[in-house]
Amino acid sequence: MSTESVGTRPPATPEAGSGRLGPPPWLSAGFLLPAIVLLALLVLYPILYTVWRSLYDAGGSRFVGLDNYVSMFTDSVTFGWSDSAAIGLVLVITVLTVIALTLGVITGAVQRSTALRIGLIGLPLVDVAAYFILAMNSPMFTAIKNNVIWVVFAPTLITALGLIFAVVTERIRWASAFKLIVFMPMAISMLAAGVIFTLVYDRAPERGVLNAVVVGAHDTFQPSTGYPGARPRPNGPLTAQGEGFITKQAVQPGRPALLPVVAVNIETQRKLATVKPAAARPGVISGTVWVDFAPGGGGAQNRPDPNEKALSGIKVEAVSGGRVTGTATTGNDGGFVFSSLPSGSYQLRLPESNFTPPFNGVDWLGPGLVTPAIIGAYVWMWAGFAMVLIGAGLAAIPRDALEAARVDGATELQVFWRVTMPLLAPVIVVVLVTLVINVLKIFDLVYIIAPGATQQDANVLALQFYLQSFGGGNDQGLGSAIAAVLFLLVLPAMAFNIRRFRQEQG
Amino acid sequence: MSNTATNAVTAPPGGGRLDGRNGLGGAPRRGVASRIINRVGGGVVQAGLVVIALFWLLPTFGLFIASLRSETDNSGSGWWQIFTAPAQLTFGNYSELLKNDTITSAFVNTVLITVPATILVVVVAALAAYAFAWIEFPGRDWLFLVVIGLLVVPVQVGFIPVARMFGDVGLFGTIPGVVLFHTAFGLPFAIFLLRNYFAGIPRDLLEAARMDGGTEWTIFMRVIMPLGGPAIASLTIFQFLWVWNDLLVALIFASRDSQPLTVAIQQQVRQFGSNIGVIAPGAFLSLIVPLIVFFAFQRYFVQGVMAGSVK
């Protein structure tokens, strides 16, 4: 990356060989000793030991070659995800890569030949590997699958958000306050963030703020007035059809239809008015829907008795030849009237919408959504990081470059895509690489947020490592193999760092 | 990444500030954004940003309020009920927390782990960084490349071997063990950050000191350390927060007696699931210290994070 893009002076490098006054080389040993001892003993040696250990069995006494790596990928493997889901994610990976490469070629950040090589050889290989990882199922494959999802989505989402925030706040008066707020979660621990988000994602709408909002929004658009659990009176005129009820026979105009229902929640019943049988009206289809259950006994079956309750707000459909011809809604006394129906033979149906249970929010931490939910918490934590780095890069773009493009008649969008983005590309690469490295090692958030029941569904490599080697799995051979794989995965980033540093030093 | 680090820490004063003129704040510029904003209408954008800011604040605010409500209130209803029932607010959870020996001793452990781990990293790294920046010795560049390579090593590769090693010498499950592990894995980044900053100190100053007959040690103490202040401040704050916030390292190397706050709270989450009367105030206690540090030393922290964009 060009140093200018972030806008400050490059570090001065001490020139070699000019130090006549310089200290003797052996002096350096004293200064370096503590660091070298610590690094050699606690970082370098462990890397070698981990690789070596991964070739031994759980107890560490028997050499097993690559067995740990093999069993990592073959143990209790079944095909889990549906093909379509796996193919869907592979498609997303493909599309994102193609977009990135195209942008890279357009902006000149990537050479055309490199892009072609990546697109034609690298991408198909990644796609095939991703497909197998996604379609297979075992604790290890779930972990790898989730790591793939994390690595594909979390960095891109965070970078996109950071870019938007950085661009939008560029001219806002209270930008520093906004940035402070968004950046703040970077300072707190993943544990605290995890606790915060277990509260946010709580399943119960009366406790979890997210479900409270979701249920509130849902009920605003689709109020629930239902009577969940209600059933047609056995031996009555109604019979179940799907989740709704329908009359067994056609109803006759002029004779009010009696539609008895049972098993309505007792709490709900208390709030209902007493039933009043509908009066007969010649030639008109009408009727009554009520709870055919007299509290304290008594009362005849299939007849609205004075101490029985009316079901108000029930939607009634008139069905003829399988088609719904008209609808009516019961009033407080349980009565309904179809005022303008063409003559014919009708059955009456109480559709299932009357009896569906109330909407109770989303199971955020259930098997399907737990990983996206945790990624959401991670985005909350890291968006500020991307925003601040990209903001710094944005500020370092020389105004002249932008003005020149405008003078040449470029539209604002053109200026953004053709001038700003290419100049910003190095910063964005740094942000993405940093996030990918961090996301590969994600542990705390998953460990804290995922409830025991869905921990396996949310599994990631670092969690699987912990569970295998310290958290009960008791197989440090397999654990070492997982750690070695994690190490392998960060090697490209290591090479990236070293190369970048050497380039900078010239 | 490496150069963001150099830039962040060699930046002129204000470089890493969220409100600084260095583009992190609202220095007047005619950028793309300003024009888009003018066109779309500043009001809409501003309103959107307010919503986003609330969105970012609410989760933490929710935890704070939950920590101020009784267990019964929390299990029955959400924290937003306090807007209609402010009487629910109570310090009960916190006074219980102070009587909870597990939590209070874990808090002390957190301090006992964080402070030494931070000081050790800063001292050891500053010494090494000085050698890398200003003492010629054979293999220097090569050795520094190793340090850069170690920047991204995942802590996971250290756990199994170091746990075994600590077990052999009796450090496993002790505070010094946790401190040593944090120090070692904090070193590559610390050396990298300080070396880049030290290298930017004007050569003349060192030459002058050497002419005056200063030893390397006096130069290090009298010239490098004072001039390296900003980078050292960034590193101190970054490392402090890093260690304070750590869960995983302590989960593996600490025992019941040496566990820090994060582990103690995590145990509560695991064991009691719904023990929100302890979890909420505990989590808030563990995050309030980093937040204070963050607000007090915002600029250094941002610089540290920018430089740390490799860890």
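All values derive from a computational prediction rather than experimental measurement.

Across its full length, chain B carries 16 helices and 0 strands. Taking the contacts inside chain B whose residues are at least 6 apart along the sequence as the reference set, 73% of them involve residues at least 24 apart. For chain B, the exposed area adds up to about 11,600 Å²; of that, 67% sits on carbon and sulfur atoms.

This brings us to the confidence of the model for chain A. All names here are of chain A. When pLDDT is averaged along chain A, the result is 81, and 91% of the positions lie at 70 or above. Per-element mean pLDDT across chain A ranges from 52 in strand E1 (residues 78-79) up to 92 in helix H13 (residues 444-449). This model gives residues 1-20 a pLDDT under 50, and the stretch forms 48 contacts once residues within four places in sequence are excluded.

Once that is clear, we can look at the interface of chain A and chain B. Residue-level contacts link 126 residues of chain A with 129 residues of chain B. Both faces combined, the contact of chain A with chain B buries some 11,200 Å², and carbon together with sulfur accounts for 73% of it. Where chain A touches chain B, the interface holds 0 salt bridges. Between the two partners, chain A and chain B, sit 6 residue pairs in polar contact (both at pLDDT 80 or more). When residues in the side of chain A that touches chain B are grouped by element, the largest group, 19 residues, is from helix H1 (residues 26-53) of chain A.

Residues and elements named next belong to chain A. Taken in spatial order, the 4 strands line up as E3-E6-E7-E10 in an open sheet, and their pairing is mixed. Strands with a single pairing partner mark the edges of an open sheet, and in this sheet they are strand E3 (231-232) and strand E10 (335-338). With 4 bridges connecting them, strand E7 (residues 285-291) and E10 associate as antiparallel partners. By the bridge assignment, Ser286 is partnered in E10 with Val337.

Next up on the list: the pattern of salt bridges. Here the structure, examined in full by the defined rule, presents 8 salt bridges over all chains. Ionic pairing is found between Asp57(A) and Arg62(A), a salt bridge with its closest N-O pair at 3.8 Å. The partner of Arg203(B) in a salt bridge is Glu207(B), and the shortest N-O contact between them spans 3.3 Å. Within this pair, Arg203(B) and its partner Glu207(B) are both found in helix H10 (residues 203-211), separated by 4 residues, close to a single helical turn. For Arg203(B), a relative accessible area of 18% corresponds to the buried category.

Rules used throughout
Residues numbered from 1 in each chain as written. Chains lettered and ligands numbered in written order. Predicted model: local features only at pLDDT ≥ 70, side-chain atom pairs only at ≥ 80, totals over all residues. Heavy atoms only, no water. Helix = DSSP H or I, 4+ residues; strand = E, 2+ residues; numbered from the N terminus. Contact = heavy atoms within 4.5 Å. Areas by Shrake-Rupley, 256 points an atom, 1.4 Å probe, with all protein chains shown as cover. pLDDT = per-residue confidence, 0-100. Buried area = accessible area lost by both parts, 1.4 Å probe. Salt bridge = Lys/Arg side-chain N within 4 Å of Asp/Glu carboxyl O. Polar contact = N/O pair within 3.5 Å; in protein donor to acceptor, adjacent residues only side chain to side chain. Pairing = 2+ DSSP bridges. Buried < 20%, exposed > 50% of the residue type's maximum accessible area, 1.4 Å probe, protein only.

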